[in-house]
Amino acid sequence: MNDIAEKVVSMASGCEYADVRIENVTGDSIILKNGDPITVGVTRNTGMCVRVVVKGSLGISFTNDFSNKAMKEAVDRAIKLAKSSAKIVKNPLRMSKETPVKDKFYVSEEKKLSNVTIEEKMEELVFLDKVLVSTNLNFPTRFFDLSTECREKYYCNSEGSRIYSYVPRVSLFCLVAVKSTDVEQRMEHFGNTGGWEFFRKWDLDNKLVEEAKILAKIPSMPSMKKERMNIVLSPELVGIASHESCGHPYEADRILGREAANAGGSFVTKKSIGTRIGSNIVNLVDDPTVKNSFGFYLYDDEGVKARKRYLIKNGMINELLQNRETAAEFGTKSNASSRANSWAAEPIVRMANTFVEPGDHTFDEIIDVKKGVYIKSYMEWNIDDKRFNQRYVGLEAYEIKNGSLEGLVKRPALEITTPAFWSAVDAVGKDFELTVGNCGKGEPMQGIPVGFGGPHIRLRNVMLG
Amino acid sequence: MNLVSFATKNGADDVAIETIKQKSSQIKFANGSVSVGQNWLVTRHNVFVSVKNATASSTFRGLTEEQLADAVKSLILAAKKSKPSNEYSGLAKGPFKYKKVNAIYDKNVDAYDSADAVKTSLDAAGENSKTSAGFFYKELSERCVETSCGIDAEEKITKLQLSIRAFNEQNESGHAVSCSCMVKGFDPENAGRRAGETAKMAKNPVNGTPGKYNVVFAPMAIGNLLSRVGEFSTTFNIDSGFSCFGGKVGKQIANKIVNITDNGRLQNGFNSSHFDDEGVPTKITNVIKNGVLKTYLHNTSSAKKHRTKTTANAGIIAQRYNNLILEPGKITMEKLLAGVDNGLYVTNVWYTRFQSYYTGVFSTIPRDGIFVIKNGSIVGSVNNIRITENLMDMLKNISNISNITECVQWWEEISPPVYTPYVLIKDVNVTLPTM
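Since this is a predicted model, take the numbers as computed values, not measurements.

**Regarding the overall build of chain A**
The helix and strand inventory of chain A stands at 10 helices and 24 strands. For chain A, the C-alpha radius of gyration of 23 Å lies close to 23 Å, the compact-globule estimate for 465 residues. The principal-axis extents of the C-alpha atoms in chain A amount to approximately 70 × 55 × 35 Å. A burial count over chain A gives 59% of its 465 residues as buried. Expressed as a percentage of contacts within chain A between residues at least 6 apart in sequence, the contacts between residues at least 24 apart total 74%.

**Some remarks on the sheet that holds strand β15 (residues 371-375) of chain A**
All names here are of chain A. Taken in spatial order, the 6 strands line up as β19-β18-β15-β8-β24-β21 in an open sheet, and their pairing is mixed. The open sheet is flanked by β19 (404-408) and β21 (425-428), the only strands paired with a single partner. Between one strand axis and the next, the sheet turns by 30 degrees as a mean value, whatever way the strands run. Note that β15 and strand β18 (residues 397-401) share 5 bridges and pair antiparallel. Residue Gly-372 lies in a different strand from β18, and its bridge partner there is Ile-400.

**Focus on the sheet that holds strand β11 (residues 292-293) of chain B**
All names here are of chain B. Strand order across the open sheet formed by 6 strands is β11-β10-β9-β12-β21-β20, with mixed pairing between neighbours. With one partner strand each, in any of the chains shown, β11 and β20 (406-410) form the two edges of the open sheet. With 4 bridges connecting them, β20 and strand β21 (residues 414-420) associate as antiparallel partners. Bridge pairing in β21 links Val-408 to Val-418.

**A few points about the domain arrangement of chain A**
Residues and elements named next belong to chain A. Partitioning chain A into structural domains gives domain 1 (2-220) and domain 2 (228-463). Contact residues are listed per partner, giving 35 residues for domain 1 and 31 residues for domain 2. Among the elements of the structure, β1 (17-33), β2 (36-54), β3 (57-63), β4 (102-106), β5 (138-157), β6 (162-179), β7 (183-193) and α5 (204-217) are those that each provide at least two residues to the side of domain 1 that touches domain 2. The greatest single-element share of the side of domain 1 that touches domain 2, amounting to 8 residues, is contributed by β7.

**With respect to helix α3 (residues 114-126) of chain B**
Residues and elements named next belong to chain B. The end-to-end C-alpha distance of α3, which contains 13 residues, comes to 18 Å, matching closely the 18 Å that a straight helix rising 1.5 Å per residue would cover. Along α3, the residues that are buried comprise Ser-114, Ala-117, Val-118, Thr-120, Ser-121, Leu-122, Ala-124 and Ala-125. On its buried face, α3 is in contact with β1 (14-30), β2 (33-51), β4 (131-147), β5 (152-167) and α4 (188-201).

**Examining the domain arrangement of chain B**
Residues and elements named next belong to chain B. Entries for chain B in the domain assignment read domain 1 (3-122 + 130-161) and domain 2 (206-431). Each side of the interface is counted separately: domain 1 has 24 residues, and domain 2 has 21 residues. Those elements giving two or more residues to the side of domain 1 that touches domain 2 turn out to be β1, β4 and β5. Here the side of domain 1 that touches domain 2 is built from residues that sort into 14 nonpolar, 6 polar and 4 charged.

**Some details on the interface of chain B and chain A**
The partner chain A presents 76 residues to the 73 residues of chain B that form the contact. The element contributing the most residues to the side of chain B that touches chain A is β2 of chain B, with 11 residues. Considered class by class, the residues forming the side of chain B that touches chain A number 31 nonpolar, 30 polar and 12 charged.

**Quick word on the pairing of strand β17 (residues 389-394) of chain A**
The side chains of a regular strand alternate between both faces of the sheet. All names here are of chain A. Across the 6 residues that make up β17, a large majority, 6, are buried. Residues Asn-389, Arg-391 and Val-393 line one face of β17 and the alternating positions Gln-390, Tyr-392 and Gly-394 line the opposite face, and both faces are buried. Bridge analysis of strand β16 (residues 378-383) against β17 gives 4 bridges, and the strand direction is antiparallel. Residue pairing in the sheet places Tyr-378 in a bridge with Gly-394 of β17. Between β16 and β17, which pair antiparallel in sequence order, lie 5 residues; one of them, Arg-387, sits at a positive phi of approximately 70 degrees.

Thresholds applied
- Residues numbered from 1 in each chain as written.
- Chains lettered and ligands numbered in written order.
- Predicted model: local features only at pLDDT ≥ 70, side-chain atom pairs only at ≥ 80, totals over all residues.
- Helix = DSSP H or I, 4+ residues; strand = E, 2+ residues; numbered from the N terminus.
- Rg over C-alpha atoms; globule rule 2.2 N^0.38 Å.
- Buried ≥ 20, exposed ≤ 12 C-beta atoms within 10 Å, placed from the backbone.
- Contact = placed C-beta atoms within 7 Å.
- Pairing = 2+ DSSP bridges.
- Axes fitted to C-alpha atoms, helices over the stretch in contact; angles between N-to-C directions.
- Domains from an automatic or database assignment.
- Expected span 1.5 Å × (residues − 1).
- Nonpolar A, V, L, I, M, F, W, Y, C, P; charged D, E, K, R; others polar.

Structure (structure tokens):
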């Protein structure tokens with residue numbers, strides 16, 4: 001890996017800037033549907049991305065042919081494309097000045113993923129499926145998609161950075177549908193960086209059974225009247241709201257319009273830093289360095305050292321997510337937000353783990369209201385392409401009366417603007433939980449592993465949609 | 001080395017190997033300027049094996065011949081260690097004869113001037129808008145499918161795509177695409193012009209008003225919902241709980257004016273090919289005829305399970321639609337719009353998410369130009385609305401369809417492509433943020 005990358009960087013020595021990222025991914029996957037093993041898979045995926053800057057124009061080549069001839073061609077094609085595009089580049093690319101780094105990092109595994117056989121993994125899923133079936137609930141669907149990967153990466157650039165990393169990752173996607181008087185569904189994603197030990201830590205058999213029992217009850221539950229009330233959100237809801245209405249709009253490339261065609265823009269502008277977006281107890285961060293988190297990394301895909309970023313501090317917009325290109329445009333430094341989901345994709349500004357920092361309330365204190373609703377999980381959600389107008393529809397949700405959780409209620413919806421959401425926060429819990437997902441952005445689309453979460457929070461006096 | 005023979009010698013019962021050699025390039029632009037040029041020279045092998053009805057499948061990229069052989073051995077071992085699948089019942093038995101699919105390969109695509117296409121589109125958009133963002137993409141691919149059941153087929157495919165979103169102010173935008181396998185028929189200038197014109201029309205939008213509306217959906221907007229119809233028609237999604245079409249074959253699921261086909265052989269179809277992943281010749285399938293769901297989309301195994309014939313929509317594990325086509329009606333788009341007394345004209349939607357795939361309850365967010373129609377005329381522009389609906393209700397409420405079809409594909413919002421005219425749907429529920 002190292003030798004190849006060095007060779008390619010030297011091939012691009014005439015360029016203003018060049019970097020090379022080589023990745024080698026191994027792993028496996030299993031799909032189990034209604035107890036039936038639909039397929040198993042083996043991952044073997046190797047390739048290289050080379051980026052060059054010529055006349056202020058960025059050219060990128062991707063190849064998985066490591067012959068000298070193919071690598072030279074890849075460099076030449078990147079240079080040629082950069083040169084041909086240069087004639088319609090109005091704003092020559094600049095990159096923030098960053099200190100070159102030489103480092104290696106590894107995520108350790110208590111139980112190495114490569115030592116767990118397909119049979120063992122299959123047995124775990126089959127057991128999980130049997131546990132669900134043993135509840136005697138009516139399941140139209142039980143769908144599990146398990147994947148493990150070990151990602152080796154070597155990054156080097158023409159400024160002297162050299163970084164090797166090894167990150168193992170395990171994840172499980174579940175879709176469970178339960179039929180009682182009607183069908184309700186729950187989609188859930190679990191994931192960590194680390195070894196197979198995390199599969200057990202997810203406590204899936206207890207969690208999924210409890211959730212399935214709830215799903216069976218929901219269809220016959222009453223809906224709530226659409227009126228103003230206090231809404232308590234679980235870490236799962238806080239996480240998706242943090243990701244969608246804070247993480248995305250704070251991506252500097254969106255603010256600059258670079259992803260406007262597909263992923264969209266942002267209600268945040270260059271002048272927004274230092275302005276109020278939420279109540280003063282809201283502290284919201286994006287942090288790649290959370291150990292064993294799904295969005296974990298220590299250096300981004302431009303070789304910049306990762307750190308925690310305070311997106312909202314005491315209710316004020318504090319910091320944006322920057323790569324080297326956007327940082328130069330904003331007159332600041334990169335905060336290591338440049339990520340690509342594979343060797344065959346360009347690094348762009350991405351989140352890692354986005355969450356509300358815990359506060360000082362217990363759960364009992366948070367639900368201590370006369371009237372309200374507690375939304376614990378969701379299925380449907382969306383947000384506009386400026387990240388201003390969002391909707392979350394509760395799946396497991398409870399009415400709150402006089403400080404106590406009462407019965408389940410059906411599909412309470414929160415349809416609200418971003419400033420109204422974060423300004424309504426009047427209590428932040430002591431607890432903390434990260435959920436996970438694959439965030440989509442870029443053209444071609446790049447799904448990338450991220451975490452999102454926080455503590456329970458309460459929104460005071462908001463209108464149920 | 002012949003990988004199929006290698007796999008059978010190493011214990012696989014059935015083998016299918018799809019090899020794709022792809023040379024492609026892209027220019028992304030934003031703020032009227034190029035942000036990056038990218039190119040890919042990539043070979044990938046999609047390998048499927050079965051051992052005693054246990055299946056294993058993977059995509060391998062970047063491996064030497066020796067590494068690839070080792071990976072195939074690993075895959076066979078994985079299948080041996082897995083358990084038999086009740087869903088798998090063999091691959092299609094070939095060989096087949098393949099009739100030529102017209103206009104899916106154009107040798108001129110390789111030399112097509114990418115920068116010129118971008119500049120032409122930007123200039124056309126610029127006539128009515130301040131700035132634009134989007135991408136140009138071209139692709140040349142060589143695809144080969146070889147199986148242990150007598151298939152050895154190959155083809156060449158080219159693609160040209162331009163997607164452009166034009167802006168005046170942030171809330172005043174229009175989005176258009178041009179997709180073609182051939183240089184002839186590819187029109188980046190028209191896409192730019194249309195995006196710019198919509199952005200200009202969307203001037204000074206105000207907050208919409210919640211309620212029920214008769215809505216004219218432009219191809220980009222209705223294409224998003226029709227792509228769900230295509231996805232929901234595959235047996236994999238039905239059996240996996242990702243569809244509200246389960247148990248609905250033979251039943252009226254849409255207004256009787258709705259006729260939807262999947263055509264893998266469409267001339268200059270943006271996702272046309274001569275054969276599916278099993279090597280079965282692609283075909284035209286009536287999915288919805290006069291509003292009745294006629295069939296699910298099948299591969300050989302799912303067809304056997306459902307006691308029917310494959311519709312040539314493999315994916316061997318999960319089927320997919322090819323080019324989904326809504327049959328045009330007889331009315332012009334202008335007359336369709338003129339017939340609406342009190343309604344909306346929606347040019348695009350995104351972020352379609354379901355509360356329940358079983359019931360079809362979902363919401364989606366209109367973006368780009370959204371217009372108010374009064375007495376058959378556009379009288380203003382709105383924003384911040386959401387369509388909160390049930391897909392099954394919307395299909396039944398389709399009340400008219402225009403006479404010209406367009407090809408739309410963008411991002412994962414619509415992919416594979418949908419060919420659709422403008423569509424009028426009555427009583428569409430529109431909501432807004434409550435605060």
